[in-house]
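# Residue-level structural notes
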Amino acid sequence: MGLITLVEKCILKFSECLYEKTFIKLQSKSRNLFMKEFFIYNNSTKKKVDDKLLESNDIRIYSVNSHIMREQINFILQQHPQHTINRVCILVRKKKDETKKDLDTLNSEVDLWRKMRNNGKIAQLDIRFYKSDIDIYFTILGDSMCLLGTVRKNKDMPTQTEVSFNPAVFTSQGENGKKVINSLIEKFDELWTNNENNTFL
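Predicted model, so just to flag it, every value in this text is computed and none were measured.

Before going further, it helps to spend a moment on the nonpolar core. The biggest cluster of nonpolar side chains holds 28 residues, and the ones touching the most others in it are Ile 73, Val 88 and Trp 113. Within the residue set of this core, elements represented by two or more residues are helix H3 (46-55), strand E2 (58-62), helix H4 (67-79), strand E3 (85-93), helix H5 (100-118), strand E4 (122-130) and strand E6 (145-153). Non-local contacts of Trp 113, meaning those with residues more than four positions away in its chain, are made with Ile 61, Ser 66, Met 69, Arg 70, Ile 73, Val 88, Ile 90, Ile 122, Leu 125 and Ile 127.

Here you go:
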């Protein structure tokens, strides 16, 4: 089914239902199962993610331009000046027909990531790019948590995409959560290898 499995797509769409009340109706049994396996990222759950981020030495990010996650990580690291993340791997979008404005934004984000590395906040930073549109974004914190959200086409937005700012958050505490995290790790590593020649110098 491409980038995500049917189960993950159902979870994504259900997570959107919680705050957009659209898309899909799940059977009550499936809904109860999914509710136990993930929570929605918002102001009340932000601390859970922030705490896990500080525990994670290995972070993988698959995004349009990584702006939101960079700001979040940078803010947390500013609150913990002695902390250093061991490794951050990032995959961002860089299509042939990107507008100059979008490319400028992307290059600015890359420079800000490098600044964090140069300031000792990240020990190892690797950034590669892919060349196609995506329908999801995700961040994986070690092997114990991931944030998974949707990306929709929207020509009125600066990057021609609209990102859900309240992603579903899965932890490794449940079996289905482990499956989602492991599936995304596997998919990210595959994409990482496939784009090994698309690096930011």
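A separate point is the packing of H3 against H4. Running from N to C, H3 and H4 point in directions that differ by 75°, and their axes come no closer than 11 Å. The angle between H3 and H4 falls in the class roughly perpendicular. Residue-level contacts link Val 49, Asp 50, Leu 53 and Leu 54 of H3 to Gln 72, Ile 73 and Ile 76 of H4.

Let us look at the confidence of the model for the chain. Of the residues in the chain, 76% reach a pLDDT of 70 or more, and the chain-wide mean stands at 81. Of the regions scoring below 50 in pLDDT, residues 17-31 engages in 22 contacts with residues more than four places distant in sequence or in other chains.

What follows deals with the pairing of strand E8 (residues 168-171). Across a regular strand the side chains alternate sides, sitting on one face of the sheet and then on the other. Residues Ala 168 and Phe 170 of E8 are buried on one face, and the alternating residues Val 169 and Thr 171, pointing to the opposite face, are buried as well. Summarising the sheet, strand E1 (residues 38-40) and E8 pair through three bridges and their orientation is antiparallel. Paired with Phe 38 across the strands is Phe 170, a residue of E8.

Reading guide: rules and limits
Residues numbered from 1 in each chain as written. Predicted model: local features only at pLDDT ≥ 70, side-chain atom pairs only at ≥ 80, totals over all residues. Heavy atoms only, no water. Core = buried A, V, L, I, M, F, W, Y, C linked by side-chain atoms within 4.5 Å. Buried < 20%, exposed > 50% of the residue type's maximum accessible area, 1.4 Å probe, protein only. Helix = DSSP H or I, 4+ residues; strand = E, 2+ residues; numbered from the N terminus. Contact = heavy atoms within 4.5 Å. Axes fitted to C-alpha atoms, helices over the stretch in contact; angles between N-to-C directions. Parallel < 35°, antiparallel > 145°, perpendicular 65-115°, else oblique. pLDDT = per-residue confidence, 0-100. Pairing = 2+ DSSP bridges.

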